Amino acid sequence: MGWKLPLSVTISTAISFFAWIAVQLNRPLGLATFGLAFILPVLVFRRYYSRKPRMLVPFGVLAILIAILLTPPRVTSLNLVSGLHLKTGCWNAEGSLWPLNGSADVIQSCSYLVEPAGKVVYVSGMAWRNLEVRMPVTSHTIVLKMPIEKADKVYLNAVQNARERGYTEISRNFGSRESVIREAMLRRGNRCVYIAEVRIAGGLAVVSGRGDCRAVDEFVQSRVGRFL
């Protein structure tokens, strides 16, 4: 009979492990799973605990301690807002998003002087979160789904929006950059529009820079091309 307490704790530990994953995807479901971690072992060994009800105390204490120890560590990496900031240089939505449009989890836009071009570039960015979970104990992140459809749609619409304003796509070798999924440069006279679909911390983003072509080139090199 002495093996039933350790086995109860083992069952509770396994359920608590998955409860920490479930609570990140659906809070009510995760909380219900935590409840199951305490209830199921008692139901499985109900005869044992009915004869030795005092053993419910050590089981409950151990189950609670193990559930706490399984807590995923706090995230210390960049979040979606900071990740998009590294690509755009913006923190808030402070101007026009053109050529981007649509909805996103994070939206940023701004304008600033780019050196050494000495010209203003108008930047906008939209980002969507990955569906991901952090593993208990290790906090290792597993991406369950990336928002590829949303990012693709905004990227293609942005390219089309620029074309409708008279911009023509030009051939440009940007070099190989791990974070960039695809990118395009469009030109009308000395004005350029750059559009890129990129990977950032915690998700995907579409980033655009528009203005004088020299300023846009500097933006691409200093922002989009710099941070992987």
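Everything here concerns the structure above.
Right, let's walk through the structure included here. (Residues numbered from 1 in each chain as written. Predicted model: local features only at pLDDT ≥ 70, side-chain atom pairs only at ≥ 80, totals over all residues. Heavy atoms only, no water.)

## Some words on the overall build of the protein
Working step 1: Counting secondary structure elements, the protein contains seven helices and eight strands.
Working step 2: The C-alpha radius of gyration of the protein comes to 26 Å, more than 25% above the 17 Å expected for a compact globule of 228 residues.
Working step 3: Its C-alpha atoms give the protein principal-axis dimensions of about 85 × 30 × 30 Å.
Working step 4: Considering only contacts within the protein whose residues lie at least 6 apart along the sequence, 56% involve residues at least 24 apart.
Working step 5: Just so you have it, the protein exposes about 12,400 Å², and 57% of that area is on carbon and sulfur atoms.
Working step 6: The distance from the centre of the 28 positive side-chain charges to the centre of the 14 negative ones in the protein is 15 Å. (Helix = DSSP H or I, 4+ residues; strand = E, 2+ residues; numbered from the N terminus. Rg over C-alpha atoms; globule rule 2.2 N^0.38 Å. Contact = heavy atoms within 4.5 Å. Areas by Shrake-Rupley, 256 points an atom, 1.4 Å probe, with all protein chains shown as cover. Lys, Arg positive; Asp, Glu negative; His and termini not counted. Charge placed at Lys NZ, Arg CZ, Asp CG, Glu CD.)

## Considerations on the pairing of strand S8 (residues 203-212)
Working step 1: Most of S8 sits inside the fold, with 10 of its 10 residues counted as buried.
Working step 2: Here strand S2 (residues 119-129) runs beside S8; their pairing, made up of nine bridges, is antiparallel. Considered in S8, the bridge of glycine 125 is made with valine 207.
Working step 3: The pairing of strand S7 (residues 191-200) with S8 spans 10 bridges and is antiparallel. Opposite isoleucine 200, over in S8, you have glycine 203 as the bridge partner. (Buried < 20%, exposed > 50% of the residue type's maximum accessible area, 1.4 Å probe, protein only. Pairing = 2+ DSSP bridges.)

## Digging into the environment of valine 114
Working step 1: Along the chain, valine 114 falls in strand S1 (residues 106-114).
Working step 2: Owing to a relative accessible area of 6%, valine 114 belongs among the buried residues under this scheme.
Working step 3: Sequence separation between valine 114 and serine 222 is 108 residues, and the spatial gap between their C-alpha atoms is 9.3 Å.
Working step 4: For valine 114, the contacting residues outside a window of four places in its chain are Lys119, Val121, Ala215, Glu218 and Phe219.

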